[in-house]
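Close look at the chain arrangement
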Amino acid sequence: MRKFWLDDEDDLVLGPIKKKDIVLAEEKLGIELPKLYKKLVKKQNGGYIKRTVFPIDFSTESVEDYIEVDSIFGIGEDGILDSEYLIKEWELPNDLVLLNGEGHTWVAMDYRGKTKNPSIVYIDVEEEVEFQIARSFSEFIERLEEEDIVDEDEITGDMDIPNLEEITKEEAEHIFKTSDDKRFIRSVIINLPLDKDGVNWFLDQLIFLLDKYNSTGIAEDAADFFLIHHYLRGKMDDSKYSLLMNKLNALPYKNLKTLQMIDERERRANLKKI
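In this report, we go over the structure that sits alongside the text.

About the thresholds
- Numbers given to residues run from 1 along each chain, matching the order in which its sequence is written.
- This being a predicted model, a pLDDT of at least 70 is required before a residue's local features are given, and a value of 80 or more before pairs of side-chain atoms are given or counted; all residues contribute to the totals for chains, interfaces and linings.
- Computation of side-chain values covers all heavy atoms of the structure but excludes hydrogens and water.
- Buried Ala, Val, Leu, Ile, Met, Phe, Trp, Tyr and Cys residues that are joined via side-chain atoms within 4.5 Å together make up what is termed a nonpolar core.
- Residue burial is assigned from relative accessible area. The probe radius is 1.4 Å, only protein chains are included, and a residue is buried under 20% of its type maximum, exposed over 50%, and partly exposed in between.
- The contact criterion used is simple: two residues touch if any of their non-hydrogen atoms lie within 4.5 Å.
- The way it works is that DSSP assigns letters per residue, a run of H or I at least four long becomes a helix, a run of E at least two long becomes a strand, and they are numbered from the N terminus.
- We treat Lys and Arg as the positive residues and Asp and Glu as the negative residues; His and chain ends play no part in the count.
- We define a salt bridge as a contact between a side-chain nitrogen of Lys or Arg and a carboxyl oxygen of Asp or Glu at a distance within 4 Å.
- Identification of polar contacts relies on pairs of N or O atoms within 3.5 Å, with a donor-acceptor requirement for protein atoms, meaning one able to donate a hydrogen and the other able to accept it, and with residues adjacent in sequence counted only if both atoms are side-chain atoms.
- Each Phe, Tyr or Trp ring, with Trp reduced to its six-membered ring, pairs with another whose centre is within 6.5 Å; inter-plane angles below 30 degrees give stacked pairs, above 60 give edge-to-face pairs, and intermediate values give tilted ones.
- For a ring to carry a charge above it, either NZ of a lysine or CZ of an arginine must fall within 6 Å of the ring centroid while also lying within 35 degrees of the normal to the ring plane.
- Picture the helix axis, draw a direction to every C-beta atom, and the arc is the one those directions span.

1. Here's the deal with the nonpolar core
Judged by nonpolar contacts, the single largest core of 47 residues is most densely connected at Phe137 and Phe140. Apart from residues lying up to four places away in sequence, phenylalanine 137 is in contact with Pro34, Leu36, Tyr37, Leu40, Leu99, Met109, Pro118 and Ile120.

Structure (structure tokens):
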């Protein structure tokens with residue numbers, strides 16, 4: 001088989017496992033893991049992978065042509081043994097063993113009605129959709145492809161590409177206004193450094209982007225921004241905060257679990273003020 005795991009060590013790589021660890025995991029989950037999965041985790045127990053693109057023949061608000069699978073969970077409490085907890089947390093179907101995901105979307109081995117030979121499913125929690133993407137784990141792994149390197153000129157035309165790790169507000173705003181590549185825009189949003197002095201400027205940018213694209217992906221980024229940076233809530237302009245939250249709640253995918261968590265934080269914060 002082609003080289004599967006990336007060499008870089010990261011937090012997703014769990015401790016080395018032996019056959020007895022696999023047996024104990026199968027007993028705890030009540031299933032038989034695919035032979036190929038067991039072979040892979042014996043070499044490296046989870047982590048980032050080389051081939052991250054999985055072609056699909058369906059589309060949703062947030063994906064088309066392919067889904068990105070950048071890592072595979074290993075065997076351990078921070079890996080597939082967390083499946084039961086995450087299923088409850090994100091209200092996913094029972095009898096899944098999660099392979100990849102972080103809340104909004106998941107790739108999982110589907111053991112519903114069986115204890116071995118699972119198919120592979122893709123689930124979008126926000127859009128409440130589920131698709132079978134492979135009949136087996138082996139088929140899933142075989143169909144993964146390496147990401148093509150896209151010519152930056154195809155994305156941004158004549159625009160100079162800034163170093164996203166050092167991007168300025170001026171560079172980011174120029175990209176938001178001139179680029180039509182939503183993946184590139186989302187990369188800017190994720191990498192943009194933010195402090196209390198820039199939070200209201202960033203609210204303006206998110207409002208602009210939602211008006212421009214009405215995109216699920218950008219909506220996710222906006223919701224994640226509120227969740228991660230809620231400690232800056234006191235610095236946010238109330239009118240801008242309310243406008244952006246109203247826009248998110250008015251979108252077709254308004255049942256974002258993240259939004260529910262934000263609403264709960266806001267409610268608790270308001271109670272403390274009373």
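2. Brief notes about the side chain of glutamate 127
Relative to the elements of secondary structure, glutamate 127 occurs in the loop between strand 7 (119–124) and strand 8 (129–134). Buried and unpaired, glutamate 127 has arginine 186 as its nearest opposite-charge partner, separated by 9.3 Å. A polar atom in the side chain of glutamate 127 sits 3.3 Å from the backbone nitrogen of serine 62.

3. Some points on the environment of glycine 74
Relative to the assigned elements, glycine 74 resides in the loop between strand 4 (71–72) and helix 3 (83–89). Separated by 60 residues in sequence, glycine 74 and leucine 14 have C-alpha atoms that sit 6.4 Å apart. Sequence-distant contacts of glycine 74, defined by excluding residues within four places in its chain, comprise Leu14, Tyr37, Val41, Asn45, Gly46, Gly79 and Ile80.

4. Comments concerning the packing of aromatic side chains
Applying the stated criterion across every chain yields a total of seven aromatic pairs. With a centroid separation of 4.9 Å and 85 degrees between ring planes, the pair formed by phenylalanine 4 and tryptophan 5 is classed as edge-to-face. On the basis of relative accessibility, which here comes to 7%, the residue tryptophan 5 falls in the buried class. Ring geometry for phenylalanine 137 against phenylalanine 140: centres 6.2 Å apart, planes inclined by 45 degrees, an arrangement best described as tilted. One end of the pair is phenylalanine 137 and the other is phenylalanine 140, both in helix 4 (residues 137–143) and three residues apart, which spans about a single turn. Classification of phenylalanine 137 by relative accessible area gives buried; the value is 2%. With relative accessibility at 0%, the residue phenylalanine 140 sits in the buried group. Each residue in the set Tyr37, Phe54, Phe137 and Phe140 is aromatic and connected to the rest through ring pairs, giving one cluster. Above the plane of the ring of tyrosine 241 lies arginine 233, whose end atom (NZ or CZ) is 3.7 Å from the centre.

5. Brief notes about helix 7 (residues 182–191)
All of the buried residues along helix 7 are Phe184, Ile185, Val188 and Ile189. Projected down its long axis, helix 7 carries its buried residues within an arc of 145 degrees, all on one side. Between a side-chain oxygen at the N-terminus of helix 7 and the backbone nitrogen of phenylalanine 184 the separation is 2.7 Å; the capping residue is aspartate 181.

6. Quick notes on the pattern of salt bridges
Taken as a whole, this structure holds 11 salt bridges when the rule is applied. A salt bridge links aspartate 110 to arginine 112, with the nearest nitrogen and oxygen atoms 2.8 Å apart. Classification of aspartate 110 by relative accessible area gives buried; the value is 10%. Looking at arginine 112, the relative accessible area reads 31%, which means it is partly exposed. One salt-bridge network, in which partners are shared between bridges, spans Asp110, Arg112 and Glu130.

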